[in-house]
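Report on the structure
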Amino acid sequence: MSTDLACVAPPANVLSVLFSHPLTDANAFKYGSRSKVTGDNNPDVQSPDMAGLIGAVAANADHEAFATLFSHYAPRLKSFLMREAGSEAAEEIAQEAMLSVWRKASLFDPTKASAGTWIFTIARNLRIDRLRRESRPEVDMTDPFFDQDKPTPDQNTLVKEQQKIIQEAVNGLPDDQAEVIRRAYYEEQSHSEISDILNIPLGTVKSRLRLAMGRVRQAAETLQ
Amino acid sequence: MNPLHHPSDSWLIGYAAGSTSESESLVIASHLTFCSRCRDIVATAEAVGGVLLENLPPVEIGLQVPDLATLQQLNVQPQAALENFATDEDLLPAPLARYTSQRIDDIAWKRITKGLWHTELLTDRKGATARLYRITPGRSLPEHGHDGEELTLVLTGAYHDEVGRFGQGDLAELDHEVVHRPVAEDLGECIALAVNKAPIRLTSLVGQMFATILH
């Protein structure tokens, strides 16, 4: 079979579906294979394609693509940062986050995360650095200890579908779970702080977070 | 490597959301180095962050899109360079090495008692302290409890206590109800990273020296 591959040359994404392996539960969400091969030929026509715009910035220093990203994300980043900072500081950090998007565009991997997720992590790290004045220890993929991920099949479409499903799951969370999620992400409150502020036992906060995450992961796994 | 003991989802969500403090993030990032299962959960939790960012109502901003000339003056981030790591076995995970040294042998250990050393790495703005412990095989820590939550990650060797057995990459999550007496197994020295906010609570007089040194 391998000797004929070069002649037949089916699209790589079809190959990856054909050759996908059974997966463990733990990896199912991240590496799950698609059930519908046809989906590959009909990419989500969501407009504008934010991940594609970051790709254009990386490949061609495309200013127009950057301007579209800026007008979509800068006002949302400010909104996110204003939960912790004043309007002026929030704007400054939002600006800095967008400059990071320009500088780091080549590091964005659309098979791993959506545009919004990647930009969220940039803003989260800036918030820790600028507002909290702390460092953020992170995994280093060049670490000799690093337990390497398996090679991933083409997942551009999968990441988009996942984002949509995760959005539905997050928007459908029961109020008590939605509240602890909001506090963790928007207000930067730890589980023990949420427990103190809402005056509910720590175990209850932890179980609400676990249940919320369980719903999201379960929804994401339906994609396989 | 597949660790058997993991942080609960609420710690992984906190790490993804950015609400864990520096010491807490340090122990979680060090566990993630060993654990693809927890990295997957963090990736999903970050995707939740992405959704929550997209969900926010845009607010008015006074910012203009920077012009191309300004952007071109920025240094473009190069691809992360591979560091030239030694291949010895006595290394620490990278997130941790930044707070002490890459090699276990280069760490400035302080002796607590026979067969037991420690070194403090940092105390963060929430008062959570990260410390490394080094225990000779067969030695134990005095029996103790905790007034707050404690996260302990095994880096080399293994220990067991009333809760279970913990080997390399395993993370033990203890709350104030647990009283334990960890014993290092005979696999070799056990080195562990422990993060907690409150001083440990000794259950006997045996460990007075231990307590005096730590606080």
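Here the residue index of a chain counts from 1 through its sequence in written order. Going through the entries in the order they are written, you letter the chains from A and number the ligands from 1. Side-chain atom pairs in this predicted model are given and counted only at pLDDT of 80 or more, local residue features only at pLDDT of at least 70, and totals for whole chains, interfaces and linings cover all residues. To get the side-chain values, all heavy atoms of the structure are used, and hydrogens and water are removed first.

1. Details of the overall build of chain B
Helix and strand labels come from DSSP, where a helix needs a run of H or I of at least four residues and a strand needs a run of E of at least two; each type is numbered from the N terminus. For chain B, the helix and strand inventory stands at six helices and 12 strands. Note on classification: 1.4 Å probe, protein chains only; a residue is buried when its accessible area is under 20% of the maximum for its type, exposed when over 50%, partly exposed between these limits. Counting all 215 residues of chain B, 55% fall into the buried class. Here a residue-residue contact requires only that any non-hydrogen atoms of the pair lie within 4.5 Å. In chain B, of all internal contacts separated by at least 6 residues, the share reaching a separation of at least 24 is 65%. Summing over all exposed atoms, chain B offers an accessible surface of approximately 9200 Å²; the carbon and sulfur share of this is 50%. Residue burial considers only the protein chains on display, and all accessible areas are found by Shrake-Rupley using a 1.4 Å probe.

2. Comments concerning the interface of chain B and chain A
With 77 residues of chain B at the contact, the number on the chain A side is 75 residues. Put simply, buried area is how much 1.4 Å-probe accessible surface two parts lose in total, over both of them, once they are put together. Counting the surface lost from both chain B and chain A, the interface buries some 6900 Å², and carbon and sulfur atoms represent 61% of this. By definition, a salt bridge exists where a carboxyl oxygen of Asp or Glu is found within 4 Å of a side-chain nitrogen of Lys or Arg. Across the contact surface, chain B and chain A share six salt bridges. The salt bridge partner of A:K206 is B:E149, with a shortest N-O separation of 3.4 Å. Any pair of N or O atoms that falls within 3.5 Å is considered a polar contact. Within protein, one atom must be able to donate a hydrogen and the other to accept it, and sequence-neighbouring residues count only if both atoms are side-chain atoms. At the surface where chain B touches chain A, the tally comes to 30 residue pairs in polar contact (both at pLDDT 80 or more).

3. Considering the confidence of the model for chain B
All names here are of chain B. Looking at chain B as a whole, the pLDDT averages 86, with 87% of positions reaching at least 70. Within chain B, the element-level pLDDT minimum falls on helix α6 (residues 208–214), averaging 56, and the maximum on helix α1 (residues 9–17), averaging 97. Among the scores for the predicted complex, ipTM is 0.89 and pTM is 0.84. The predictor's confidence in any single residue is recorded as pLDDT, a number from 0 to 100.

4. Looking at the sheet that holds strand β10 (residues 183–184) of chain B
Residues and elements named next belong to chain B. Should DSSP find at least two bridges between two strands, the strands are taken to pair. The three strands are arranged β7-β6-β10 in an open sheet whose pairing can be described as antiparallel. A single partner strand is all that each edge strand has here, and the edge strands are β7 (165–166) and β10. Two elements, strand β6 (residues 159–160) and β10, share two bridges in a ladder whose sense is antiparallel. Considered in β10, the bridge of H160 is made with V183.

5. Here's the deal with the packing of aromatic side chains
To describe a pair of aromatic rings, one takes the distance between the centres and the angle between the planes. Pairing of aromatic rings covers Phe, Tyr and Trp, the last through its six-membered ring, and needs centres within 6.5 Å; plane angles under 30 degrees mean stacked, over 60 mean edge-to-face, and all others mean tilted. Overall, the coordinates contain six aromatic pairs over all chains when judged by the stated rule. With a centroid separation of 5.8 Å and an interplanar angle of 65°, the aromatic rings of A:F80 and A:F120 are classed as edge-to-face. Here the residue A:F80 occupies a position in helix α5 (residues 63–81), and A:F120 occupies one in helix α7 (residues 115–131), the gap between them amounting to 40 residues. A relative accessible area of 1% means that A:F80 is categorised as buried. A:F120 gets classed as buried once you look at its relative accessible area, which sits at 1%. Taken together, the ring pairs in this structure connect A:F66, A:F70 and A:W102 into an aromatic cluster. Comment: the charge-over-ring label is applied if NZ (Lys) or CZ (Arg) is within 6 Å of the ring centre and within 35 degrees of the ring normal. The side chain of B:R134 reaches across the aromatic face of B:W117, ending 5.4 Å from its centre.

6. Here we look at the pattern of salt bridges
Per the stated rule, a full pass over the model turns up 22 salt bridges over all chains. Residues A:D49 and A:K160 are paired through a salt bridge, measuring 3.9 Å at the closest nitrogen-oxygen approach. Here A:D49, found in the loop between α3 (25–31) and α4 (50–60), pairs with A:K160, found in helix α8 (residues 156–171); they are 111 residues apart in sequence, far enough to count as distant. Between B:R131 and B:E120 there is a salt bridge whose closest N-O contact spans 3.9 Å. On the criterion of sequence distance, the pair formed by B:R131 in strand β3 (residues 129–135) and B:E120 in strand β2 (residues 116–123) is long-range, its members being 11 residues apart. The exposure class of B:E120 is partly exposed, given its relative accessible area of 42%. Taken together, the shared-partner salt bridges connect A:R127, A:R132, A:E134, A:E188 and B:R125 into one network.

7. What to know about the packing of α4(A) against α5(A)
Residue and element names in this part refer to chain A. Simply put, an axis is a line fit to the C-alpha atoms, just over the touching stretch for a helix, and the angle between two N-to-C directions goes from 0 to 180 degrees. Two numbers describe how α4 lies on α5: the axes approach to 8 Å, and their chain directions differ by 135°. In terms of orientation, α4 and α5 fall into the oblique class. α5 is crossed by α4, and the crossing has left-handed handedness. Mapping the contact onto sequence places M50, L53, I54, A56 and V57 in α4 and A65, F66, T68, L69, H72 and Y73 in α5. By the definition adopted for this analysis, an angle is roughly parallel if under 35 degrees, roughly antiparallel if over 145, roughly perpendicular if from 65 to 115, and oblique otherwise. Should the near helix be turned anticlockwise from the far one by less than a right angle, the crossing is left-handed, and should it be turned clockwise, the crossing is right-handed.

8. Concerning the nonpolar core
We define the nonpolar core as a collection of buried residues of types Ala, Val, Leu, Ile, Met, Phe, Trp, Tyr and Cys that are connected through side-chain atoms lying within 4.5 Å of one another. A:Y185 and B:L132 are the most contacted members of the largest nonpolar core, which has 96 residues in total. Core analysis: the next-biggest nonpolar cluster, separate from the first, contains 12 residues, B:I135, B:L141, B:A184 and B:A194 among them.

9. Description of the sheet that holds strand β12 (residues 200–202) of chain B
Taking strand neighbours across the sheet as the criterion, the three strands line up as β9-β4-β12 (chain B) in an open arrangement whose pairing is antiparallel. Since the sheet does not close on itself, it has two edges, and those belong to β9 (179–180) and β12 of chain B, each with one partner.

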